[in-house]
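The residues making up each chain are set out below.
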Amino acid sequence: MGTGSSFNPRKDVFDEEDLGGYDASTSKGVVKKIPIEVRPRRKLGNALRSVGSFGRRNKGASTRSALSVDYEEVDKIRKEYEMFKLNKENELVGVQKKADKLENENKRLRNELQALQKTCNKLRQERDSAMDAEYQALERASTFENERDKIQRQFKIFRETKEKELKNLLQAKRDLDTKVYKLRNGIPIEDRHADDRGSTGGADSVIGVGHQSSGDWGWSGLETEHSLPGAASVLHHSKLGPEMAHGLIELEGPFMNVNRGDWTVASASIAQILPAFADATSGEIVLYVALTADMLPEWDDVSGAGCLEELRRRYEGSGHTFTVVQFVTERKLAEQDPQLQFSVRRSLIADCTVFLGLLGDHCNKFVSVELNAAYVESPGTKPCVFVYRAQQCTNAGCKSSHSEIQQFKAQIKEGNNIKLINKTINTKTSLSRLRDALESLINREMGIEDNTPTTVEGSESPASLCGVNHWDLLGDNQQHQMLNSATRCLCCLGFEKHYERLNAHITAAGPLPPLLVSGASGSGKSLLLAKWVRQLQERLPTSLVLYHFVGSERSSTADPVAMLTRLTQQLMRRENSLLAISSDPTRIVGEFPQWLERVSAKQPGGIILVVDSMHQLQMAEVHMKWLLDPLPVDTRIVVTVDEDACPQAWKAWPTVQLEALSNHNVRQLLSVAAEKGLKLSADQETKILTRCRTTATSNPLYVSLMIKLLLRMDAVQLEEQLAHILSTDSTVQLYEYILMSLHLPCTTAEERELFRKILQFVYVSRDGATVSELFSLLPTLTWNYWGPLVEKLERLGVLSSICGVLTFQQKAAWNAVRDYYLQDPKAESKCRDELATLHRSSLRGARHSWRAASELPQLLCAGDGERLQSCISHPWIFQASYSRGRCSELLGYWQRAGAERSTMAATYFTAFKKLEDGCSRDENGTEQARVANLYEALGRLLKDIGLLKQAVAPLQRALEVREMALDPDHPSVAQVLHQLSCLHMQWGKYSTAEAFCKLALDGYENALGAEHLLVARELETLALLYQKQDKIELTEPLHKRAIAIHQEHKPPRHDSVTQKVDVLKRRLLTLEEIAIDRASPELAKSLNELGVLFHLQNNHQMAEKLFEHSLEIRESLLGREHPDCAQSLYNLAAIYNDTRQYERAEALYERALDIRTKVFPPGHQAVFSVLKHLAVIYKKQEKLDKAVPLYRQALQIREESFGDSHPSVATALVNLAVVYCEMKNHSVALPLYTRALRIFEESLGCGHPRVAETLRNMALLQYDQGDFEKAARLYQKATEIKENNELSPSRRSLSLDNGNRY
């Protein structure tokens, strides 16, 4: 053990704490330093405690050795600490260096950022400058475009005016030259216009030199037929001049100055007279029945045998309304005002379609008035059917008492436009004759032909697909009658300034946004637009005016997709498009602006679209969003909205604001009413003017209604009721007063209940209620009560009849009925159920009413989805909706029912399969064909909405049914194959689509011929398939063949104006048959005019029938050698020429030439017209030996008429030379070409296209003779002339105009 000194050599090492707190001053004894074992201090902590030597040691161990070990550890730790400290200091130095480096880098980047910010600011300034410059450039471009369009319009008007003046001057010069030449040569001058008013120019388009377009440079062999063009060149119209130019058709009557190329303008001109014949195609059929008292048993037989019910189902199933008007003879009629009864009956007879009279032996005063109004006062004007029986009374007194009815029976036996049926024969036979007679007269009056589905003739509209032809009846005609209804108003003051604003909008240059006509409800917006549309139709016949009037918010007219579908179809008809309108609502909305732009670019006067009450369209801001985009330059759109319901986006458009009436305007209206019989005292007039000062009471509708109401009152009633009328504060309250004034005077509670129920049924209906529906719902309703009541409701502005459907004239009337009669929700629900039951019953049986398809789903929308789904699953509902283009509406119903579209597809397929199983025993196959139509319609609908997989099954089933029911080569089979091809092409299965397309092409070629338009469509489809498969080399031949077919054929027009003109012409023809003998020259002339009309529409089949009928009448009355027979022969031959029946045309032309040669001198234009067309027929049939004499005779006539140096003579020389070249007689042809070339160069100039054509023919002649060098020189010279004309259009246009003088 070590000593104390060695352990602690320094004295100050130990302190008091080491001695355990010992105090030396108080302690007694000697302090000794005894070496003891001192435990290590805890300053090193756990690091020392971990050392093994510092643990619990054994007794006798050395303290020095233990401490030495501890110091070693301390040194070691100290060294480690120093190293750690050094490393950290080094790291700190490195971090400091890095921080300095980063600071430097940060400074550098900050400098670069500042530089970039300066550059960015500079670029931003440059960008702003560029944007300003771009905006200014766009403004300048817009201004330039506006000025350019304005200048183009002005130049177009100037050019057309000057061209017209120049043509008139040249025409006069040509006439004068001809007269001078004839006077010099002693040729008598004839009045061509007196003899040939039925022969309009247009055929000899090459005789009239310079009428070729740039597309006439068809350098093809020796087929040039300059003076004798085919059917294609006949379409160009040239005026009648010294050339004696004649068309293939000799025209008469109102169409003598119209050709096919001008038919669009002609249709627009004819449309001006159509408003006078608004009921011609309205779709409302009214049968007025008058019967004597002793014919009631016969009437029971007619009504009880189902004769009229069968007619009603037939016509209502085809889109018409059928109403039977029959007043019951009652004793209490004597107590009523007889003049009112007479007036109502006369009015109904004047508006009825057919009058049916059942005549017995007894006649009262009411029947006498009916017979007089229907026939006696205007015999033959109203189609009538009379069922009579022989007189049974032999008493002399009886004969004298019934002399009036006997005289009438004797009179009608000698009349026209009537059908007589003797009731003394068998009842069954007489009923059959009655039904046939009524059906014949109704079809004639309504222009109805056969409603049976016909063969596809190029149209793929939904209506033709489903075998229903009532698109226009339910769409265009509904809008036409709404337009007429809107024009019937008393209040139209102050519209002149609005007309000026509207006219300025449509005449302004450049693209313009829609013009907004805004005003309060009842301010006259609809009236303003209706009258303005009428003015446009008269002032701008070349412009296409489209309009749409919206009824109530829940009516079918408020469906925007249906509106766009109808307008799109009108645009497609204008283009003669064979395409089908898509069933997808999204595509319809997206494609309408494209069609608008496409048609407006080709329409001479542009397109004017008018939409009334556009705010009432369902989801108008979504479906009419395209109005916010720039519109086409030649399109003008005018819309009306209520000022309280106008969306914000539309308020930026230019606006015409309609204001309320001022006191001065009200005073003017009262003055007009005074002229019509309104007698007011000064005090009463002052009260009215004082009352009409608020916004609501100065509303034009309010004032006009008040005046209508006052006009129906006498002085006493006026004095009593004026205060009550003036107490109303709004138009709705005034309507409530009108309803109360009609309701309270009802004599019985039954009549008051009928009045209430009638208005309730009209209210709950979607589009209104028909008269036949009201009579079915109200068995106690009679015409004795209904006739006077409906007249009052219409005159007071409560109800109006649109296509036979009663609806409210104004929204205020609708609100008044709701507030006055439908305050109880149960009453409305009850009426809906009764109407739904009625329409549901009409779905039973073979024929269904179109009203059920329109009304029933809407009535069931308020109930549960199962009833709605059961309704719309009916095949007739589907057929009616698809045929009218209401697929979007149908899809909306399925969505309301909570069903998926795939469920819809499966449901319809199951329903059609059930219908097919029920008609599998149909012998003639008509029902199976109808089911096939439904299958195809379903497939097309599913294809359009993107359910391609589900569309395969119905199309395949349609194909199978048609192949079993029809001939496999029937066009309808090919139509399904075409749909399957389009389906698989849309699906991306091009090989399958190609196979179906080829089958469809073969089917069309076998059924319709290789030159049909549907063949061209299928060729285009096949070319598109090849293009999608990158088979480009196969597409070009198909396109060329399709183009050739389109050039040879023009599709028939289907526009609504054409259809209405057809109906009117047939009705006028019928009236002529009535007014004159059934076989007369005047009737034959009318038949010829109607045939010309159908020829202009390319309807050769109807034109052929009419020309044949005209020829038959003329031959029977005038003889086979009469000149009028030659005209019918001439026109009929032209039809055969157009349809390539050359042998039949040849025989007719020869007969016509023989007749005219005997009647007219050899040089007469009537002879020349037949001569040249007969020569063309001979040439087409390669009968050149017969053609040569005719061409020589034509040359001789032209030389005698115009002299030896006239261009027409040169044209005749070229035609004759062409024939000689085809006969290989080149030696005779060459001098003819040489002489023609000299005349052309002297008269038209060396650079005229006629010169080039003649040189080209001479080059071909020299080539055939082997003189290749001379042929090359001539051909090069002709090519140079052609290129010069192509490079200078102004020169060519000038040459064309100069050519017109010949």
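Residues numbered from 1 in each chain as written. Predicted model: local features only at pLDDT ≥ 70, side-chain atom pairs only at ≥ 80, totals over all residues. Heavy atoms only, no water.

Along the chain, the regular secondary structure elements total 54 helices and 13 strands. The 1302 residues of the chain split such that 50% are buried. Across the chain, every contact between residues at least 6 apart in sequence was considered, and the portion connecting residues at least 24 apart equals 74%. On the chain, roughly 63000 Å² of surface is accessible, and the fraction owed to carbon and sulfur atoms is 52%. (Helix = DSSP H or I, 4+ residues; strand = E, 2+ residues; numbered from the N terminus. Buried < 20%, exposed > 50% of the residue type's maximum accessible area, 1.4 Å probe, protein only. Contact = heavy atoms within 4.5 Å. Areas by Shrake-Rupley, 256 points an atom, 1.4 Å probe, with all protein chains shown as cover.)

Let us now look at the pattern of salt bridges. Using the criterion set out here, one finds 47 salt bridges in the structure. R127 is paired through a salt bridge with D128; the nearest N and O atoms lie 3.3 Å apart. Since its relative accessible area comes to 34%, D128 is described here as partly exposed. E1115 is paired through a salt bridge with R1151; the nearest N and O atoms lie 3.0 Å apart. Placement of E1115 in helix α45 (residues 1100-1118) and of R1151 in helix α47 (residues 1142-1159) is noted, with a sequence separation of 36 residues between them. Assessed through its relative accessible area of 25%, R1151 is described here as partly exposed. When salt bridges that share partners are traced, they join E309, R312, R313 and E316 into one network. (Salt bridge = Lys/Arg side-chain N within 4 Å of Asp/Glu carboxyl O.)

The terminal C-alpha atoms of α45, which comprises 19 residues, lie 26 Å apart, in line with the 27 Å expected from a rise of 1.5 Å per residue. Taken together, the buried positions of α45 are H1100, A1103, L1106, F1107, S1110, L1111, I1113, R1114 and E1115. Those residues of α45 that are buried are in contact with α44 (1081-1096), α46 (1123-1138) and α47. G1119 sits one or two positions beyond α45 and adopts a positive phi of about 100 degrees. (Expected span 1.5 Å × (residues − 1).)

Looking now at the nonpolar core. Judged by nonpolar contacts, the single largest core of 139 residues is most densely connected at W786, F808 and F878. Apart from the residues within four sequence positions on either side, W786 is in contact with I758, V771, L774, F775, L781 and L806. Residues L1096, A1134, Y1136 and A1145 belong to the second largest nonpolar core, which totals 72 residues. (Core = buried A, V, L, I, M, F, W, Y, C linked by side-chain atoms within 4.5 Å.)

This next bit is on the packing of aromatic side chains. Per the stated rule, a full pass over the model turns up 24 aromatic pairs. Ring plane angle 70 degrees and centroid distance 6.1 Å describe the contact between F495 and Y499, whose orientation is recorded as edge-to-face. Taken together, the residues F495 and Y499, both in helix α17 (residues 495-507) and four residues apart, mark about one turn of the helix. Given the relative accessible area of 11%, Y499 is considered buried. Their ring planes at 65 degrees and their centres at 5.2 Å tell us that F592 and W626 sit as a pair that is edge-to-face. With F592 in helix α20 (residues 585-602) and W626 in the loop between α21 (620-623) and β9 (635-642), the pair connects residues that are 34 residues apart, well separated along the chain. Like W626, F592 is buried. One aromatic cluster is present, formed by Y288, F327, F355, Y375, F386, F775 and W783 through successive ring pairs. R554 extends its terminal NZ or CZ atom over the ring of Y763, reaching a point 5.0 Å from the ring centre. If you follow K989 out to its NZ or CZ, it ends over the ring of W987, 3.9 Å from the centre. (Phe/Tyr/Trp six-rings, centres within 6.5 Å; stacked < 30°, edge-to-face > 60°. Lys NZ or Arg CZ within 6 Å of the ring centre and 35° of its normal.)

This next bit is on unusual backbone geometry. Located in the positive-phi region is D1030, a residue other than glycine, with phi close to 65 degrees. Of note in this structure, K1224 is not a glycine but carries a positive phi near 65 degrees. By the element assignment, K1224 lies in the loop between α50 (1207-1222) and α51 (1226-1244).

Once that is clear, we can look at a nonpolar patch on the surface. A cluster of nonpolar side chains, contributed by I151, F155 and F158, occupies part of the molecular surface with about 330 Å² of accessible area. Take F155: it is sitting in helix α3 (residues 63-184). (Patch = residues over 30% accessible without salt bridge, like charges linked within 9 Å, V, L, I, M, F, W, Y side chains within 5 Å.)

With their axes 10 Å apart at the nearest point, helix α26 (residues 731-743) and helix α27 (residues 749-764) run at an angle of 145 degrees to one another. Contacts between α26 and α27 involve L739, L742 and H743 from the former and R752, F755 and L759 from the latter. Considered class by class, the residues forming the contact of α26 with α27 number four nonpolar, one polar and one charged. (Axes fitted to C-alpha atoms, helices over the stretch in contact; angles between N-to-C directions. Nonpolar A, V, L, I, M, F, W, Y, C, P; charged D, E, K, R; others polar.)

Turning to the pairing of strand β12 (residues 799-802), a few remarks are in order. The pairing of β12 with strand β13 (residues 805-808) spans four bridges and is antiparallel. Residue S800 lies in a different strand from β13, and its bridge partner there is T807. Connecting β12 to the antiparallel partner β13 that follows it, the hairpin turn spans two residues, and C803 within it adopts a positive phi of roughly 55 degrees. (Pairing = 2+ DSSP bridges.)

To continue, consider helix α29 (residues 783-795). Taking 1.5 Å as the rise per residue, α29 with 13 residues should run 18 Å; its terminal C-alpha atoms sit 18 Å apart, in good agreement. Burial analysis of α29 places 10 of its 13 residues in the buried class, the great majority of the element. Every buried residue of α29 is listed here: W783, N784, Y785, W786, G787, P788, L789, V790, E791 and L793. The positive-phi residue at the C-terminal boundary of α29 is G797, with phi of around 80 degrees.

Moving on, we come to the side chain of H615. Mapped onto the fold, H615 is located in the loop between β8 (607-612) and α21. A polar contact of 3.3 Å, which involves the side chain of H615, links it to the backbone nitrogen of D642. Apart from residues lying up to four places away in sequence, H615 is in contact with T640, V641, D642, A645 and W650. (Polar contact = N/O pair within 3.5 Å; in protein donor to acceptor, adjacent residues only side chain to side chain.)

Close inspection of predicted coordinates is inappropriate for parts of the model with low pLDDT. On average, residues of the chain carry a pLDDT of 77, and 76% of them reach 70 or more. Low pLDDT, under 50, characterises residues 394-401; the predicted model gives this stretch four contacts beyond four residues in sequence or across chains. Every residue in residues 1287-1302 is under pLDDT 50, and counting partners more than four places away or in other chains gives 33 contacts. (pLDDT = per-residue confidence, 0-100.)

Turning to its location among the elements, P968 is positioned in the loop between α38 (948-965) and α39 (971-987). Sequence separation between P968 and A1007 is 39 residues, and the spatial gap between their C-alpha atoms is 9.6 Å.

Right, let's get into the environment of I637. The residue I637 is located in strand β9 in this model. The exposure class of I637 is buried, given its relative accessible area of 1%. Remark: the alpha-carbon pair of I637 and L516, spanning 121 residues in sequence, is separated by 8.8 Å. Setting aside residues up to four positions removed in sequence, I637 forms contacts with H505, P514, L515, L596, L609, W626, L627 and L631.

It is worth spelling out the side chain of T557 at this point. If you trace the backbone, T557 turns up in the loop between β7 (544-549) and α19 (560-575). What makes T557 buried here is its relative accessible area of 5%. Polar side-chain contacts of T557 include one of 2.8 Å to the backbone nitrogen of G551. Looking at T557, its side chain comes within polar contact range of the side chain of S555, at 2.7 Å. Ignoring any residue separated from it by four or fewer positions in sequence, one finds T557 in contact with Q478, Q479, M482, H548, F549, V550, G551 and L617.

Attention shifts here to the sheet that holds strand β6 (residues 515-519). Read from one edge to the other, the open sheet built from five strands follows the order β7-β8-β9-β6-β10, with strand pairing classed as parallel. Each end of this open sheet is capped by a strand with a single partner; those strands are β7 and β10 (655-657). Shown here is a sheet whose adjacent strand axes are inclined to one another by a mean of 15 degrees, direction ignored. Two strands pair when backbone bridges link them, and β6 and β9 are joined in this way by five bridges, in the parallel orientation. Of the residues in β9, the one forming a bridge with L515 is V638.

Here we have three strands laid out as an open sheet, ordered β11-β13-β12, and antiparallel in their pairing. Edge positions in the sheet fall to β11 (769-770) and β12, since each of these pairs with one other strand and no more. Bridge count for β11 against β13 is two bridges, and the pairing is antiparallel. Bridge assignment links A769 to a residue of β13, and that residue is L806. Together, β11, β12 and β13 form the strand contacts of α27, whose direction differs from that of β13 by roughly 90 degrees.

The next subject is the packing of α50 against α51. Each packed pair of helices is defined by two parameters, the angle between the axes and the distance between the axes. Where α50 contacts α51, the two axes come as close as 8 Å, and the packing angle between them is 155 degrees. Taken together, the axes of α50 and α51 lie roughly antiparallel to each other. When the axes of α50 and α51 are compared, the crossing they make is left-handed. For the pair α50 and α51, contact is made by P1207, V1209, A1210, T1211, L1213, V1214, L1216, A1217, V1218, Y1220 and C1221 and by H1226, V1228, A1229, L1232, Y1233, R1235, A1236, I1239, F1240, S1243 and L1244, respectively. (Parallel < 35°, antiparallel > 145°, perpendicular 65-115°, else oblique. Left-handed = near helix turned anticlockwise from the far one by under 90°.)

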